[in-house]
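Survey of secondary and tertiary structure
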Amino acid sequence: MTELERDSDIDKTDDDVENADIDESELSGRAGKIITLAKRRGFFWNSNEIYGGSAGFYDYGPLGTRLECNLVDIWRDIFVIQEGYAEISTPVITPEMVFSASGHLKEFTDLMVECKKCSEPFRADQLLTEHHPQPDNLNAEEVNGMLTEFGIKCPVCGGALSEAYPFNLMFKTNIGPGSKRIGYLRPETAQGMFINFHLLYRYFREKIPFGVVQIGRAFRNEISPRQGMIRLREFKMAELEYFIDPSDKSHPKYERIKGLKIPLLPAGKPQEEAKPTTVAITLEEAIEKKILGSEVMAYFIGLTYEYLNSIGLSGPSLRFRQHGEKEKAHYAEDCWDAEILTSFGWIECVGIADRSCYDIERHNEYSGHTLAVTIHHEQPIEREVKKVIVDNKALGKKFKALSVKIKAALEKLDGNKVADDGSPLKVNIDGKDYEIDRDCFEVKTVTEKEFGKKIIPHVIEPSFGLDRITFALIENSYYERESSYRVLRFKPQVAPINAGVFPLMAKPELVEVTQKCIENLKNMKLNIFYDDSGSIGRRYARMDEAGTPFCVTIDYDSLKDNTVTIRERDSTDQVRIKIANLPKILNDLIEEKLIFKEIKAA
RNA sequence: GCGGCUGUGAUCUAGUCUGGUUAGGAUCGGAGCUUCCCAAGCUUCUUGCCCGGGUUCGAAUCCCGGCAGCCGCACCA
């Protein structure tokens, strides 16, 4: 299959998706060419190169930065402007407690041991697989206990092993002088949104559902970053946290997207095949067939699909794959990844996870702040309840400082289960039993009015890896017209340069007219590139490599009749138009309100 | 993290085995010429032996260490 034939696959309809036969080995040669082009033209390159480079870090050059900027603009347009989610911005450096609560401190960790003799490092759980069914769930103490119990030695040299120590994928730092206040560079932007839930809930006038987004950098100290931009130690994410009532996983705008036909690859059997085939069905069907569990999941899969389409990622190189039980993150109940086929195989570009109530509940517990939603009843509910009513005075006199804890324990008891015979009650405080006499409390039937219910919201999280999307887009936009004539076929709105504008030759009279054209185009907020060096063909070629959709050329005829030629990148067709109409026509072309073939020649 | 292979201007590459002139070529890029519409041609110019140490009179070349890349295994999501 040639590159060009592969390109034609992209134009196939959704119905073809199931049968699309993509030769993955054919793709592997592309990576090198694309990395070369990216470096030469200023899209991206490995960081710190003059000092030997550093794995897992990439710089964006001028074109890459603009491209990514455009992708983010479109993301914002959908999620912030259209959907109305609120964008916030929280710090990268985050105190340790946040990650204690979120579970990252524990779960984002591998326990390692080192040989004291040959200093070979090992993953501790790997050494215990024969002695425990799930050694990765053990804590350091248990691991050390078992290493001693089974007398495990270094598998390489037989030497004694060190104590187990955690290797955490988070970058650690100190906040302020000294080393007492430990901080971490966030491994996801999500926590910044969770820990502000109470403020955001107020901002949204105490109603759910609502969505909060954050676009920013995240950090993971990957053990071995590979595959260029796919696995980075510092990367950018755009994340949405959509807070919902767990008893209502519908979505108000579900109707709008339910008809979208989307290539899905559910967990389990379908993925175990050598060449897994996706099922292209509508979201509505997917819900009926229980492939998707809820309207919200369906909605965000749909919205993600629309976003990826709008930046130019579609067709058989796009699929949504469900995570299997074992591969889900510690916080996830269900997870679907949007995957894009590149020369590195199918790569996860967006993760859409149902994080259930996990994060908010944990922050409730660890912070002591109430992060919860009150669901108001339409009518207050009245009911008669038997309750233990404490006599504070009597209890306080008897138990002094302990009385606070005892009171709390007593009030927790179910009034119906307290015997009516006037016998004392037993409560257990910090492992000790106390007998509480009846003179300290009584059991009463009271009328309770309940105005609403406090619930912990569930969270649906679409999380976009911007670097991966940027890379996947560059790769999927790449094609060769003839041998070694390279073109990036970006959609006009995402292209880093909207148009190249050239004098046919660098003659003062032509340059003058060209500059006037450029001034008018820049006033339309278009990103214009001027070039007068080399032959005209060379300049077109430069723009094709940069993915610029249109070029405008001013020649000697322009001086006579006020017309210019406008050239389309993919067809290389040209049409002459009046200079006066140029800004409007070019702007409409870029917004795709006008198709190039429909331009009437002047 | 382990093992194998590799590292020459921005890119591709000759030279490395067998140490010895000023590291050669092409592309890209810059300046200029050319009424120049698809990488045309001509003149001219810039940028390089991954880093550090060792062996040697002398290292791109041999040795050691590091860094980076690719492949496989492992790991991670």
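Our next topic: helix α19 (residues 508-523). Taking 1.5 Å per residue as the helical rise, α19 with its 16 residues ought to reach 22 Å, and the 23 Å between its terminal C-alpha atoms agrees with that figure. The inward-facing, buried residues of α19 abut β24 (499-503), β25 (528-530), β26 (550-554), α21 (556-561) and α22 (582-590). One or two positions beyond α19, positive phi appears at Lys-525, with a value near 70 degrees.

For the rest of this paragraph, the subject is the nonpolar core. Phe-43, Phe-300, Tyr-307 and Ile-469 are the most contacted members of the largest nonpolar core, which totals 70 residues. A total of 11 residues in this core trace back to one element, the largest contributor, which is helix α14 (residues 295-311). There are two domains that each give this core at least three residues, and those are domain 1 (3-92 + 184-358 + 460-468) and domain 4 (497-598). With residues up to four places along the chain from it excluded, the contact list for Phe-300 reads Tyr-85, Leu-240, Tyr-242, His-251, Ile-352, Ile-460 and Pro-462.

A separate point is the sheet that holds strand β9 (residues 182-185). Strand order in the open sheet made by the three strands is β4-β9-β8, with antiparallel pairing throughout. Strands at the two margins of the open sheet, each flanked by one partner only, are β4 (93-95) and β8 (172-174). The average undirected angle you get between the axes of adjacent strands in this sheet is 40 degrees. Across three bridges, the pairing between β4 and β9 is antiparallel. From the neighbouring strand, Pro-95 faces β9, where its bridge partner is Gly-183.

Take the packing of helix α4 (residues 62-82) against helix α18 (residues 466-477) next. Their axes nearest at 10 Å, the elements α4 and α18 cross at an angle of 110 degrees. Classed by the angle they form, the pair α4 and α18 counts as roughly perpendicular. Crossing angle aside, the handedness with which α4 passes α18 is right-handed. Facing Leu-67, Glu-68, Leu-71 and Val-72 of α4, the residues of α18 in contact are Leu-466, Asp-467, Ile-469, Thr-470, Leu-473 and Ile-474. Class assignment of the residues belonging to the contact of α4 with α18 gives a composition of seven nonpolar, one polar and two charged.

Here is what the cut-offs are and how they apply
Along each chain, numbering runs from 1 in the same order as the chain's sequence is written. Chains and ligands are labelled sequentially in the order written, the chains with letters from A and the ligands with numbers from 1. For this predicted model, a pLDDT threshold of at least 70 governs which residues receive local features, and a threshold of 80 or more governs which side-chain atom pairs are given and counted, while totals over whole chains, interfaces and linings are taken from all residues. Remark: hydrogens and water are excluded; side-chain values derive from all non-hydrogen atoms of the structure. A run of H or I in DSSP becomes a helix once it reaches four residues, and a run of E becomes a strand once it reaches two; helices and strands are each numbered from the N terminus. Expected helix span is taken as 1.5 Å per residue step, with the number of steps being one fewer than the number of residues. Note on contacts: a residue pair is in contact if any heavy atoms of the two residues lie within 4.5 Å. Only buried residues count toward a nonpolar core. Its members are Ala, Val, Leu, Ile, Met, Phe, Trp, Tyr and Cys residues joined through side-chain atoms within 4.5 Å. Throughout, exposure labels follow a simple rule: accessible area from a 1.4 Å probe, protein chains only, divided by the maximum for the residue type, with under 20% read as buried, over 50% as exposed, and the rest as partly exposed. Start and end points for every domain follow an automatic or database-based domain assignment. The criterion for strand pairing is that DSSP finds at least two bridges linking the strands in question. To obtain an axis, a line is fitted to C-alpha atoms, over the contacting stretch when the element is a helix, and the angle between two such axes runs from 0 to 180 degrees between their N-to-C directions. What sets the label is the angle itself: under 35 degrees gives roughly parallel, over 145 gives roughly antiparallel, 65 to 115 gives roughly perpendicular, and the rest give oblique. By definition, any crossing whose near helix is turned counterclockwise from its far helix by less than a right angle is left-handed, and any crossing with a clockwise turn is right-handed. By the convention adopted, Pro, Cys, Tyr, Trp, Phe, Met, Ile, Leu, Val and Ala count as nonpolar, Lys, Arg, Asp and Glu as charged, and the other residues, Gly among them, as polar.

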